[in-house]
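# Results of the structural survey
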Amino acid sequence: MLIIPVKEGENIDRALKRFKRKFDKTGTMRQLRKRQQFTKPSVERRAQIQKAQYIQSLRDQEEI
């Protein structure tokens, strides 16, 4: 549970912005979205390999 202490005289918009930033850092929404749909381990591995290949190709192009 996130607790954001609001300081005396602090603007509520600023406190809300701090809450949103802290909430994003926890990764709660990303985790919920990921759990909505099951992906097979083989599909996850394939996606990781494709991502690594793409990043490597970008790095190779950068060197040229």
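Residues numbered from 1 in each chain as written. Predicted model: local features only at pLDDT ≥ 70, side-chain atom pairs only at ≥ 80, totals over all residues. Heavy atoms only, no water.

## A look at the pattern of salt bridges
Between side chains of opposite charge, a pair can form as their charged atoms come close. Using the criterion set out here, one finds one salt bridge in the structure. For the salt bridge of Glu-10 with Arg-18, the shortest nitrogen-to-oxygen distance reads 3.1 Å. (Salt bridge = Lys/Arg side-chain N within 4 Å of Asp/Glu carboxyl O.)

## Digging into the packing of aromatic side chains
To describe a pair of aromatic rings, you give the distance between the ring centres and the angle between the ring planes. What the rule picks out here adds up to one aromatic pair. Ring geometry for Phe-19 versus Phe-23: centroids 6.0 Å apart, planes at 20°, classification stacked. Here the residue Phe-19 and the residue Phe-23 both occupy positions in helix α1 (residues 12-26), the gap between them amounting to four residues, near one helical turn. The exposure class assigned to Phe-23 is partly exposed, which follows from its relative accessible area of 27%. (Phe/Tyr/Trp six-rings, centres within 6.5 Å; stacked < 30°, edge-to-face > 60°. Helix = DSSP H or I, 4+ residues; strand = E, 2+ residues; numbered from the N terminus. Buried < 20%, exposed > 50% of the residue type's maximum accessible area, 1.4 Å probe, protein only.)

## As for the confidence of the model for the protein
In this model, the protein carries a mean pLDDT of 93, and residues with pLDDT of at least 70 account for 100%. When mean pLDDT is taken per element in the protein, helix α3 (residues 41-63) scores highest with 95 and helix α2 (residues 28-35) scores lowest with 90. (pLDDT = per-residue confidence, 0-100.)

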